[in-house]
Structures are given as structure tokens and as C-alpha cells.
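What follows is each chain in one-letter form.
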Protein chains: 2
Amino acid sequence: MTQTPTTSPVEEKIYVSGTIHKDVRVPMRKINLRPVEGQERSLCVYDTSGPYTDPMAKVDIRKGLPRIREGWIEARADTEFRSGDVTSALKKIGSRMPEMDHTARRALPRRTVTQMHYAKQGTITPEMEFVAIRENQNRAILRKRFEELTPAEQERETRLQGESFGAKLQEYITPEFVRDEIAKGRAIIPANINHPETEPMIIGRNFLVKVNANIGNSAVSSGIDEEVEKLVWATRWGADTVMDLSTGKNIHETREWILRNSPVPIGTVPLYQAFEKVNGKIEDFGWEVFRQTLIEQAEQGVDYFTIHAGVLKDHAALAKDRVTGIVSRGGSIMAQWCSYHNKENFLYTHYEEICEIMAAYDICFSLGDGLRPGSIADANDAAQFAELETLGELTKLAWKHDVQVMIEGPGHVPMHMIKENVDKQLECCDEAPFYTLGPLTTDIAPGYDHITSAIGAGMIGWFGTAMLCYVTPKEHLGLPNKTDVKDGMIAYKIAAHAADLAKGHPSARDRDDMLSYARFNFHWEDQFNLSLDPQTARKFHDETLPKDRHKGAHFCSMCGPSFCSMRISQDIAKQEAAREATQG
Amino acid sequence: MTQTPTTSPVEEKIYVSGTIHKDVRVPMRKINLRPVEGQERSLCVYDTSGPYTDPMAKVDIRKGLPRIREGWIEARADTEFRSGDVTSALKKIGSRMPEMDHTARRALPRRTVTQMHYAKQGTITPEMEFVAIRENQNRAILRKRFEELTPAEQERETRLQGESFGAKLQEYITPEFVRDEIAKGRAIIPANINHPETEPMIIGRNFLVKVNANIGNSAVSSGIDEEVEKLVWATRWGADTVMDLSTGKNIHETREWILRNSPVPIGTVPLYQAFEKVNGKIEDFGWEVFRQTLIEQAEQGVDYFTIHAGVLKDHAALAKDRVTGIVSRGGSIMAQWCSYHNKENFLYTHYEEICEIMAAYDICFSLGDGLRPGSIADANDAAQFAELETLGELTKLAWKHDVQVMIEGPGHVPMHMIKENVDKQLECCDEAPFYTLGPLTTDIAPGYDHITSAIGAGMIGWFGTAMLCYVTPKEHLGLPNKTDVKDGMIAYKIAAHAADLAKGHPSARDRDDMLSYARFNFHWEDQFNLSLDPQTARKFHDETLPKDRHKGAHFCSMCGPSFCSMRISQDIAKQEAAREATQG
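Going by what an unreviewed UniProt entry lists, chain A is known as Phosphomethylpyrimidine synthase and is assigned to Pseudobacteriovorax antillogorgiicola. Taken verbatim from the UniProt record of chain A, the Function (unreviewed entry) comment is "Catalyzes the synthesis of the hydroxymethylpyrimidine phosphate (HMP-P) moiety of thiamine from aminoimidazole ribotide (AIR) in a radical S-adenosyl-L-methionine (SAM)-dependent reaction." As its UniProt record puts it under Sequence similarities (unreviewed entry), chain A is described as follows: "Belongs to the ThiC family."

What follows is the structure in C-alpha cells.
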């Protein structure tokens, strides 16, 4: 079951060390390219795949991943172990669990252990240095100063300058910049003290746009093995975080296997498990079972929680004329609870208690958009924006407790109404990172919603969304399988990268330019290896031109040899050069 | 080989008759839906699939499609038959050709037979009435007047109002509006008098956004049968026009089979065949062989020609510092010709002679963007925009000859630079329709360029592009096969529809709203049938819930029964209604 995709010889897994914190080792994927004029060439790319793609690492999912953050957490001396957690209890009664012991930690009394807390105190944690190095993607050479460029290069830089809509992209990310952004709440590092296996990453609009993959079983489909496979598979294709949205059997066990084997932060919607505990009976549901579930998941190591605290009792009325009502699972359950009990949402009334729990483990809020639109017709309506305003209020309250926050966003939105979502979110939530699902730009293509939504995701990422939640082709139709996970991931890596390019992220264009250079020069292997999915690119090419010698060919089957514009372009250049030589 | 996709019983092929021209019969696909409260419900959608999906039609590709426009052309009495065309000559020497005789027509001396000519004279042709009816998609009921809507409906209409960037979308398209747009050059109806099989369609930004599919063999891959299959397949998935870009063997024969069997306008790049005639030797290439090829293709019935007349001799220098040089096949050949012969582009110097040929058959110009960017790095550069300015000049010259024109556009463009392309094109070319390839918003995903470009296509369609040229997953890697054609088409139908929604096209939202209504109400079959690809939607759903009774289930495998937000939403409504009833 262990997924260890083989790395081709042109790829290397490298680690870049920290300077402030010597034991920080940041993984990257180095793509080695064909030398040009005797010069070695390579490109380092962001690598979310964890030890699974390290040929030196021995991964055994029964034992879990190395606990790389354990020493950092230990060194801060602000946590204590707690016995009697649910995982231990379940193990005792023989539940299927990973072999190693995971003893839960929590903050010492009256201590706050969040990255935001450290940041506000002026401390640069190893996690902060890790993400700073990671964001820079090991660019060996910074871009030259503008004045040092040739006129043609200057023209290109000026022409291609991005439009960042107020994002403050840095030429080079320093650990201090990371600290400052975390302190201001403009970025988060989801890193529960009980998930020491995670390789730190940052979510904020002044950083690379990130992608989340949803996995998790339902009562109808899938088991533990399959979900762990999907986790590894998703990170192989670039998932920056993974949400385990299981609602079926063995929720706790599934999550334990996922957490112990995940190199990326894991998010959940604790409401799902809490609601299962009362067998889906709204009459039995309430704060106490929810609180217990929060602690249970906090001790397992979940890095961020979707909390639907913004669905207020009065908001439901605003949604009653909608075409598709309330489409968030959590949102609909909380609306039903408010209606049934005729009380205000207990997540709202107990919000500060939730903050205290989050602060004791460093769990980030992902403030849920329970009233997001589920169809084009419901986009940007009063219900949606009323909730967003509440989320703004809750953001400030979380920050008071030094708890990190991001804000979830829609959903289904036609193109011309997307920007309003970002503008309003930035304003209401004081630039807390935005985390959107899609949005889908039309409702008419079930089976292809990775595409309907990649359009919206690219745009909303450009406008300022910090993390995109992928949508798979199965959306609205069924639980995604591995193929769907990959298709969703690739579509969203495209959207996120297109957004980075349009924002003008200083490192984004390197990969495009290198791939285009390879394309123009018929370096077919470089073109494949620089692409998001080398296997597929190679396979498509080889369908018609499978032979090795075709990898040096100055054409492909699309145009054939006589009509290859790139070959002709090069002929023109030679022709012109020859003419100039004769004339000179 | 004949493609006759079966139509399911929920679908009907219907024909809507003209009122000005009684023999106009406009095909549409009627999707019958589940009755609600005893009311029959259905939606008519635009249908590009031709007689192939009409169970009453007997299609035999050896005999070609019915020549529905023959009588209209005949009735205008401004054309004559011409003998000795290439098809007849080739038949005599035993080339494989369709069975029926196709005798070429051309305009009588000193007569112009273009739709633009008729439009300027104030004549509403059957073609114009046909497209007017077609664009309205048989909306039985026009939208109510704003004042007649309920407050909730008024709020929705106001909120969802599109942003059309100056496009003049009509609530209902009249034949007179069509005539006026054609006369002004803002829209075109590609309809060669020698392609009477075509079902007229219109391209202009005040109409539905259209999609073109490229097919055609290369010297390396594919044959005639396969290309005819791709044609029928592409129109089955919504191709509004098809370009035959064959550069391999049997170019003339392949095109003859395609034309005689195509219900949609066919475009070509005559340069390819002309260049093949001189065996790809730039030294032997020139105006005369090009002129003969134009006439050969005009007599076969090609509806629009890509003509690279804007690639001027001086432009090539502007492209020399590019990362990917000249990536248009035609553009690179013409640049090479200018360079080799040290002369101005013969398509430019002979442009008015070309106009005269186009006018005699009613062929539209698709003024080629030979200098379009082939990579993000080359987007919106001086070479590209210099050519666009030349295309503006050529547009006016074509209009002087009453020849219809559209303008080709890029290519590879990052999101933030897309709008400039449309703005500049509208300005330079006096609102002649824009026809763009993609654009791809990043270069890093070969194998997925239908997605990298669907993002750009959706956006550029919103901004004002009238027709999108699809990009398949095989772009840059090889010649597309049938699967690729379908994947490209679906991605582009999504982009075009998302653009219509964002522009605020008055009929666009009906399908989204009906599908969303079906989704919310668990009318699974309606949801599938209203989607762009019912088979795939149904297949995905049935992977986990295959039984018939699941088609009535109030959940799917994504969330399972307890966590279905739509089911809960409905429960809340019932709960609230019950409470009101008790209180009342």
C-alpha cells in the first residue's frame, strides 16, 4: 500500500538547510535539464510529496513518518503530555491503529503555543524559517537588478509585470517577513503540536498560491487503506494541505492513519464526527459533544478546523428564496440546529471557548462558509455576505487569542462576480487568508467540475485567494477515487500557477520560461520533465512518435516535419544570420 | 463509419420554422424534464450536430448531407456554375471521392454574393433569419418585465446582471438585428455558396460565444475516415465550426469528404495546401500557386480562410528576441518567404485580389495572427501588436469589398494580460469579431492544455471574443484523436458558456438554473440530461450508486444520506413551515 512513486534519474530530492535553525531541512525537487553550451542547468520546484519520494527514506505507514518537528516543539518547553486520549483508549480495545505511540501534548496552563503568538513576541520559529526557505524554491540567483538587464530583457520585465491587486509580493522571502505576516494575521502556518510529522507550509496572499485536496470516506463508500492512499497520491501531485472529510465508518481510526502518515497539514470539519456521535440526531446535538470532539481531534494532531460559527440563527431566512438552499454540510446542520432548538448557533455562542482550545494546540481556524452559494443563481447573495461579515467579527476575536485564522469562500460564482468576493473578504476579515472552493463558473457540466471551477480558481487566486480547495470531476456525483484526486489536483496546480504568474510572483515565470525554451529548442525530455505531469506529457507524445530518436526530432505529429513553425523559426534566424555574415 | 449517436428518449430533435422565409428549418435539441406540479417542462438547447442526431434522417456519408441552402442560393440568381474544378478532375483519375456530384458555383461577373453585401443592401437572407431563430434557442417565454417579478426575483436579476464590456446583448434576436450586425461588420455568417450543406451560424460578440474545433491530418498521422469521424464527433459535442488543418496526404480528398458531410462551416488555412504543392520549398512558393489553391478550395466550399496577410516583412525583426519565435505555422512560412525572397508578404501585396476571390464565393476572412505569442514570455509583445494593427487596416479593406472578416488572436497569455488583447483588437479592427486560440494561461502543463487554456478562453470570451478555438490535451505533443477532440470540446463549451453567463447573455442562465433546480430536488435524471455530457455524469454517479432506485435517492456517495446538505436544507424548510403552521 505504501506509495513510493519512483523518481526518474533526472529528478533529485534535495534538502536545503536553515541558517537560524540548523536542523531545519527543507525538501525540494530538483529537475536536472540538458546542459546548454556546456552549462549545467536545473530548476528547483516546491515539493509537497514528503519522504515518500525520497529514495533514501524508508517509509512504513504502520510506523508513520519521521516526527521532524518534535524537537522544535520540545525545545519551546511550553507543552506537556496528556494521557488518556481517545487513540490510546481505542487501541486498548483493539481498534486497528498505527503501531507507534502518539502521546498527545497540549499547552501548559496559561501558555499559548501558536505560531501567531510566537510571531507577535518577535520570535522566528523553525517553522517560520522552514517556510521562508521553501517559498524561495532555492532560486540560486535572484533576478538581476532591472538596470543590469539587456534592453530586450528590460522590455520583457516591464511588459510582463503582474497585477497583484495590493498583495505585497517579495522578491525574496525572509524569515522575518514570514514572522511579520503571521503576526499581522495575513498568513498562517497550520502546524498542530500533535502533528510533528508535518513539513511546515504557509498560506497567505503574499506567498505562492496553495491547493488543498479533500479526501475522506462517506457512509456509502471507501475504507481506511484507500483514504491513506489518496492522501499520499494527492501530495504526490502537489496538495499543500489535505482535508479529511470522512463521515463514514471508523472516522477516528481513518484520521489517525492519515495524520501519522501525512507530510502536509490536515484539516477536518469536527462537526461531522460530532454529529455522527449523536447518530445524526439534531435533538441530541450540542456544544458538549462538539467540545469533546474538538479535543479528541486536537490531540490527534489536526492542523486546521473548519468551524461554521458564522451561520447565525437569523441568516437562514436570507437563504430561503435560494435555488439551492444551503449546500455546505456543516452549514445546513447548524442551520437545522438553530431552527430546531430555536437558539443561536452554539459555535458562535461558545466561540471564545473554541479559541482557547485552538490556542492550546496551535490549530488554525478555517472559518466555514456555511452559506456559500451552491449554484450560479445564489452567488453573492445576502445570506452569503451576511455570514462573511460575521466571519470578520470572529477573525478579530480569534486574533485576540493569538489563534491563526483563514476564511472559507465559495462555491458557485459566475466570472464577473468573483472579484467582489475577494474584495469583500479582504475588507471584512482584515486580510486574513482567503481559502475558496473553486468557484465553479457554471453549473452545467457535472462530470467536469474540475474545469468549470479551475476557471474560477485561477481568477480568484489572481485576485488574492491564498489557498484553493480543489474540485474533482466527481463533484456533485460521488466520492472521488484516485484518478479523480489526480485530475482535480492537476487542474488546481494549473489554476494556482496561473494565478502566481498573473500576480507577478517573482519566481513563477522561471518554470514557464524554461519549459518554453525547451519546447522551442526541441529538448523534448526537458519539456516533459518540467511539466506538471511528465508521465502524461511523454505518453501523449509517444502515442504517435514512440521511438527514442523522436525525442531529438524537430517536429511532432501535430504538424509533422514540413509544418513545424518552431523549426521554420530557427531556419529563418539561420538564414538571417547567414545573410548578415555575407553582407558583413 | 457513419456516426449516428443515439438520442435518448428524453431528447428530441426539433425544427423551428422561419416566418420571413418559410423553408428555413432551424434544428434544436429539446431536453424533456420531469414534470413539476403537473406542468410539462423542457429546455431547448443550441444544436450543432446536424442530421446525424436526427432519427428521421438517413445519413450516408458517401452521398453527403442534404443541401439545405441550395434553393436559397439558387433563388438569389447571382451565381453561375463553373466546370472543370479540381474535384471533378480528380474524380476522373479515380481519386476516392464522395459519390454525388458537386458542381462548383461562383458569382456572376461583377456580382458580390456575400452576406455582408446583402446586409448592406438591406436584405434579410434566409441565412440571417436562420441564425436569428437559432440564437434565441426557442425560448417560448421571454423573461418577464422587471416590474412583474417578485421582489426575490428582482433582487436576483439585479444581483446577477452581467458585465458585457460594451457588447450589445439583445433580450431577443431579430433577423433585422442580425442583418444590421452583419452590415456593420460586427458579426459574420460563414457560408460559402459551395457549401450548401451548412446550417447557418453567426459569429459576433453580441451573440452566443462560439467554439471551433481543429481537425485534420499531418504527414505523420491519420487518414480520411478518421478525420470525417472527428468532424462528426466534434459537432456532436458542440463544435460551431470546424477547421480542417490537414497538411498530410490527400488534402483535397480529405477536405471534399469533410465538406460534403459537414453541417457546420469549415475553415482552412489554404497556405498549407499551397505550400505542399511546391513540396515545402520556399524558393518555389509564391502568389500564383496560392491563388490557384484559394480558388480550388473556394470551389469545394470552404467557408472561411485563415490568411496570414498581416505578417509583414519588417515584423519578423520584432520577434527575434522571443523565447519561442514564431509559432504559427502560416506565420513562420510567410516570414521565411519574406526573408528568403527579401520581398513584402505576397498575401499583403495581393490582398485586394484575394478579397475579390472571397467576394465571389462568400468566404470569410479569418485574418491570421501569424505572430501570436507561443509562450507566456512572448505575450502582448511588439511583434504581436504590430501585426494586429496591420490586421485592422486589412479589415477595412475587406469591408470595402463587402467581404466578411474575423480576426484571429492568441495564444499564450497570462491572465492579467488577456483583456488588453480584446481591447486592442476591438479598437484596431472596428469591432470585427475576434477569434482566439485559448489563450493558455501558463506553459507548464503539456498534456492538460485544454485546462490551461479553458481558463484563458473563459476570460477572453467574457471580455468580448466571439469564437474560441479549442485546444486539446494533445496540444504541443501530437495530433489529437477522438478522445482528445471530445475533451477539448467539453472544456471549451464550458468556457464559452461561462463567458455567456458573465456577459449576461439573456438565455444563458436558464440551463444553469434548471440544472441546479434538478440537483437540489434530487431529480438525478434531469441533472444528467441537462449537462454538457450526460453519459459521463451518469457514469460517474453510477460508479458508486448504480441501482435504479438511487436515481430517486436524496443523497449521493459523496456525502451519504446523513450528511446531504440539500436533504437537510429541505428538512429545515419543512420544519419552519410546520412551525409557522402551528403558530398560525
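What follows continues from the structure just given.
*Asks:* So, the overall build of chain A: which residues are in play, and what are the values?
*Replies:* When helices and strands are counted, chain A shows 22 helices and 15 strands. The C-alpha radius of gyration of chain A comes to 25 Å, within 12% of the 25 Å expected for a compact globule of 584 residues. Projected onto its principal axes, the C-alpha positions of chain A cover 90 × 50 × 45 Å. Within the span of chain A, comprising 584 residues, buried residues form 68% of the whole. Restricting to contacts in chain A with at least 6 residues of sequence separation, those with at least 24 account for 75%. In the form shown here, chain A has an accessible surface area of approximately 19600 Å², with 51% of it arising from carbon and sulfur atoms. Between the mean site of the 69 positive side-chain charges and the mean site of the 83 negative ones, chain A shows a separation of 3 Å.

*Asks:* Can you explain the packing of helix H16 (residues 418–428) of chain B against helix H17 (residues 449–463) of chain B? Please cite residues and give values.
*Replies:* All names here are of chain B. Direction vectors running N to C along H16 and H17 enclose 35 degrees, while the axes themselves pass 9 Å from each other. Considering how the two elements wind past one another, H16 and H17 form a crossing that is right-handed. For the pair formed by H16 and H17, the contact residues are Ile418, Lys419 and Val422 on the first element and Gly456, Met459, Ile460 and Phe463 on the second.

*Asks:* Outline the sheet that holds strand S14 (residues 434–437) of chain A, listing residues and values.
*Replies:* All names here are of chain A. The parallel closed barrel is built from 8 strands, whose spatial order is S8-S9-S10-S11-S12-S13-S14-S15. Going from strand to strand, the sheet's axes swing by 25 degrees on average, the running direction of each strand aside. Alignment of strand S8 (residues 210–215) against strand S15 (residues 467–469), held across 3 bridges, turns out to be parallel. Across the sheet, residue lysine 210 finds its bridge partner in S15, namely methionine 467.

*Asks:* Residues and numbers for the domain arrangement of chain A, please.
*Replies:* Residues and elements named next belong to chain A. Taken domain by domain, chain A comprises domain 1 (1–521) and domain 2 (529–582). On a C-alpha basis, the centres of domain 1 and domain 2 stand 39 Å from each other. The interface is formed by 16 residues belonging to domain 1 together with 10 residues belonging to domain 2. In total, about 1300 Å² of surface goes out of reach between domain 1 and domain 2, with carbon and sulfur atoms giving 64% of it. Inspection of the region where domain 1 meets domain 2 yields 1 salt bridge. The interface formed by domain 1 and domain 2 holds 4 residue pairs in polar contact (both at pLDDT 80 or more) in total.

*Asks:* How would you sum up the relation of the copies chain B and chain A? Please name residues and give values.
*Replies:* Screw-axis analysis of chain B against chain A gives a translation of 0.0 Å along the axis, an RMSD of 0.0 Å, and a rotation angle of 180 degrees. Read as a symmetry element, the transformation amounts to a two-fold axis. The rotation axis passes nearest to the C-alpha of Ile455(B) in chain B, at a distance of 2.2 Å.

*Asks:* If you had to explain the packing of aromatic side chains to someone new, which residues and values would you point to?
*Replies:* On inspection of all chains with the given rule, the structure shows 28 aromatic pairs over all chains. Centroid distance Phe285(A) to Phe346(A): 5.5 Å. Interplanar angle 75 degrees. Geometry classified as edge-to-face. Taken as a pair, Phe285(A) in the loop between helix H9 (270–277) and helix H10 (287–300) and Phe346(A) in helix H13 (residues 346–349) lie far apart in primary sequence, 61 residues in all. On the basis of relative accessibility, which here comes to 3%, the residue Phe285(A) falls in the buried class. Judged by relative accessible area, Phe346(A) falls into the buried class, the value being 3%. Between Phe165(B) and Trp462(B) the ring centres are 5.2 Å apart and the planes differ by 55 degrees, which places this aromatic pair in the tilted class. Here the residue Phe165(B) occupies a position in the loop between helix H5 (151–159) and helix H6 (175–184), and Trp462(B) occupies one in helix H17, the gap between them amounting to 297 residues. Taken together, the ring pairs in this structure connect Phe275(A), Phe285(A), Trp287(A), Phe290(A), Trp337(A) and Phe346(A) into an aromatic cluster. Over the aromatic face of Tyr15(B) sits the side chain of Arg25(B), whose NZ or CZ is 4.0 Å from the ring centroid. Over the ring of Trp233(B) we find Lys482(B); its NZ or CZ atom is 4.5 Å from the centre of that ring.

What counts as what
Residues numbered from 1 in each chain as written. Chains lettered and ligands numbered in written order. Predicted model: local features only at pLDDT ≥ 70, side-chain atom pairs only at ≥ 80, totals over all residues. Heavy atoms only, no water. UniProt positions renumbered as here; feature names shortened; annotations may be inferred. Helix = DSSP H or I, 4+ residues; strand = E, 2+ residues; numbered from the N terminus. Rg over C-alpha atoms; globule rule 2.2 N^0.38 Å. Buried < 20%, exposed > 50% of the residue type's maximum accessible area, 1.4 Å probe, protein only. Contact = heavy atoms within 4.5 Å. Areas by Shrake-Rupley, 256 points an atom, 1.4 Å probe, with all protein chains shown as cover. Lys, Arg positive; Asp, Glu negative; His and termini not counted. Charge placed at Lys NZ, Arg CZ, Asp CG, Glu CD. Axes fitted to C-alpha atoms, helices over the stretch in contact; angles between N-to-C directions. Left-handed = near helix turned anticlockwise from the far one by under 90°. Pairing = 2+ DSSP bridges. Domains from an automatic or database assignment. Buried area = accessible area lost by both parts, 1.4 Å probe. Salt bridge = Lys/Arg side-chain N within 4 Å of Asp/Glu carboxyl O. Polar contact = N/O pair within 3.5 Å; in protein donor to acceptor, adjacent residues only side chain to side chain. Least-squares fit on C-alpha atoms with pLDDT ≥ 70 in both. Phe/Tyr/Trp six-rings, centres within 6.5 Å; stacked < 30°, edge-to-face > 60°. Lys NZ or Arg CZ within 6 Å of the ring centre and 35° of its normal.

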